[in-house]
Amino acid sequence: MRLFIDTGSVAEVEEIAAWGVLSGATTNPSLLAKEDGDPGEIVQRICELVRGPVSAEVVSQEVQGMIDEGRALRELHEHVTVKVPFCERGLAATRALTDDGIPVNMTLVFSPTQALLAAASGATYVSCFMGRLDDISVDSTVVLEEIADTLRAGGMTSEIIAASVRHPEHVVAAARIGCEIATTPAKVLRQMLNHPLTEAGAEKFRQDWQSRPEFGAWLRELTEKRLAAAGS
Ligand code: E4P
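These numbers were taken from a predicted model, which means no experiment stands behind them.

### Describing the overall build of the protein
Then comes step 1: A tally of regular secondary structure across the protein gives twelve helices and eight strands.
Then comes step 2: Projected onto its principal axes, the C-alpha positions of the protein cover 70 × 40 × 35 Å.
Then comes step 3: Taking all 232 residues of the protein together, 43% fall into the buried category.
Then comes step 4: Considering only contacts in the protein between residues 6 or more positions apart, those separated by 24 or more positions represent 57%.
Then comes step 5: Only carbon and sulfur atoms are counted for the fraction: they give 54% of the accessible area of the protein, which is about 12200 Å².
Then comes step 6: Computing the positive centroid from 21 side-chain charges and the negative centroid from 33, the protein places the two 7 Å apart.

### Observations regarding the side chain of Thr7
Then comes step 1: Relative to the helices and strands, Thr7 resides in the loop between strand 1 (2-6) and helix 1 (10-17).
Then comes step 2: At 2.9 Å, the side chain of Thr7 and the backbone nitrogen of Ser9 are in polar contact.
Then comes step 3: A polar contact of 2.7 Å, which involves the side chain of Thr7, links it to the side chain of Glu12.
Then comes step 4: For Thr7, the contacting residues outside a window of four places in its chain are Glu12, Val13, Thr26, Thr27, Leu31 and Ile46.

### Quick notes on the domain arrangement of the protein
Then comes step 1: What the domain assignment reports for the protein is domain 1 (2-193) and domain 2 (199-231).
Then comes step 2: The C-alpha-based centres of domain 1 and domain 2 are spaced at 43 Å.

### Re the packing of aromatic side chains
Pairs of aromatic rings are described using the distance from one ring centre to the other and the angle between the two planes.
Then comes step 1: Within the structure shown, the criterion is met by four aromatic pairs.
Then comes step 2: Ring centres 6.4 Å apart and planes at 70° place the aromatic pair Phe4 and Tyr125 in the edge-to-face group. Separated by 121 residues along the polypeptide, Phe4 in strand 1 and Tyr125 in strand 6 (residues 125-129) bring together distant segments of the chain.
Then comes step 3: Given the relative accessible area of 1%, Phe4 is considered buried.
Then comes step 4: You can call Tyr125 buried: its relative accessible area is 7%.
Then comes step 5: Joined through ring pairs, the aromatic side chains of Trp209, Phe215 and Trp218 make up one cluster.

### A few points about the pattern of salt bridges
Then comes step 1: Overall, the coordinates contain 13 salt bridges when judged by the stated rule.
Then comes step 2: Residues Arg71 and Asp100 are paired through a salt bridge, measuring 2.9 Å at the closest nitrogen-oxygen approach. Taken together, the residues span a long stretch of sequence, with Arg71 in helix 4 (residues 63-74) and Asp100 in the loop between helix 5 (88-99) and strand 5 (104-109) at a distance of 29 residues.
Then comes step 3: Residue Arg71 is classed as partly exposed on the basis of its relative accessible area of 35%.
Then comes step 4: Asp100 gets classed as partly exposed once you look at its relative accessible area, which sits at 44%.
Then comes step 5: In this structure, Arg166 engages Asp135 in a salt bridge whose closest nitrogen and oxygen atoms are separated by 3.0 Å. Taken together, the positions of Arg166 in the loop between strand 7 (159-163) and helix 9 (168-177) and Asp135 in helix 7 (residues 130-135) put the pair 31 residues apart, joining distant regions of the chain.

### Here we look at unusual backbone geometry
Then comes step 1: Here Arg51, not a glycine, exhibits a phi torsion of approximately 50°, which is positive.
Then comes step 2: Within the secondary structure, Arg51 sits in the loop between helix 3 (39-50) and strand 3 (54-57).
Then comes step 3: Positive phi values are uncommon outside glycine, yet Leu108 reaches one of about 65°.
Then comes step 4: Structurally, Leu108 is set in strand 5.

### Overview of the site of the ligand
Then comes step 1: The full set of residues close to the ligand is Asp6, Thr26, Asn28, Lys83, Phe129, Arg132, Ala163, Ser164 and Arg166.
Then comes step 2: The separation between an oxygen atom of the ligand and a polar side-chain atom of Asp6 is 2.7 Å.
Then comes step 3: Here the ligand, which alone exposes 350 Å², has 85% of that area covered by the protein.

### Comments concerning the nonpolar core
Nonpolar side chains in soluble globular proteins tend to end up buried together.
Then comes step 1: Grouped together as the largest cluster of nonpolar side chains are 56 residues, with contacts concentrated most on Ile5, Val84, Met106, Val109, Leu144, Ile147 and Ile160.
Then comes step 2: Counting residues per element, this core draws most heavily on helix 3, at six residues.

Conventions and cut-offs
Residues numbered from 1 in each chain as written. Predicted model: local features only at pLDDT ≥ 70, side-chain atom pairs only at ≥ 80, totals over all residues. Heavy atoms only, no water. Helix = DSSP H or I, 4+ residues; strand = E, 2+ residues; numbered from the N terminus. Buried < 20%, exposed > 50% of the residue type's maximum accessible area, 1.4 Å probe, protein only. Contact = heavy atoms within 4.5 Å. Areas by Shrake-Rupley, 256 points an atom, 1.4 Å probe, with all protein chains shown as cover. Lys, Arg positive; Asp, Glu negative; His and termini not counted. Charge placed at Lys NZ, Arg CZ, Asp CG, Glu CD. Polar contact = N/O pair within 3.5 Å; in protein donor to acceptor, adjacent residues only side chain to side chain. Domains from an automatic or database assignment. Phe/Tyr/Trp six-rings, centres within 6.5 Å; stacked < 30°, edge-to-face > 60°. Salt bridge = Lys/Arg side-chain N within 4 Å of Asp/Glu carboxyl O. Near = heavy atom within 4 Å. Core = buried A, V, L, I, M, F, W, Y, C linked by side-chain atoms within 4.5 Å.

Structure representation (C-alpha cells):
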C-alpha cells in the first residue's frame, strides 16, 4: 500500500516528504482554505515535493464548471489529479475528464454502490472516507472491505484511497483490506512512528556503544576513510 499525505500545508509536506515514505498527496477545499498564500502555488509546490499524484478539488456545482475547473487545475502541474465530489454531475464530469486522459480522484464515497459508479465513470482513484463513517457510528473497516471486495470482484481497476484517516489503526486496516493507498494527515503519520520499545531499544544501543569509546573511534575512522576515498 502507498502512503499519501492529506494536507494543504507545504510545511507538513516538506517535513514528511523528507522521510522518503510519500507517494503522493491529497488536498481539499477545507484544507487549502486554512492556508495563507496562493492555492495554485501551494498545489504546485506540493507536486514538486512529493513527485507523485496530488489531488486538487473542483468546487463548481455544474458539470461543465467541474470540467473547466478540472482542466485548469490539471494545467498547474503534470502531477495534478483532479478531485471530483461524488454526485451525478461529478460522475459526468469524471467521464469527460478521464476521456481527455486526465486522472480523477472521485471523493466523498461512502458505499459500495457509490464506489461502483465512481469506478464505472473512469475514476483513477476512489476515495472512501473512514473517519466520517465512524463519526456516524458506522464501522468504516466493514464498509471499506465491502468496497474493496465489490470493486475487485467486479473487475474494476480504480485504485482505492482510504481517506478521512483519523488514527494509525485506520491506516493498518486499510492496508490489511488491500487498499492501494491511504491518505493520511501529518499528525497520524507522526503517530505511526512511535513505539516505546523502539525508543528504549535505541537508547540501550547508544549507551552500550558509548561504554566502549574505542569502538566509537573505530566507526568514526571507518566512516572518515570512506568519505575521504569517495571525495578523491
Ligand atoms: C481526502 O482526500 C480528504 O481530503 C480527507 O481525507 C478528508 O478527511 P476529514 O474527514 O478528516 O476531513
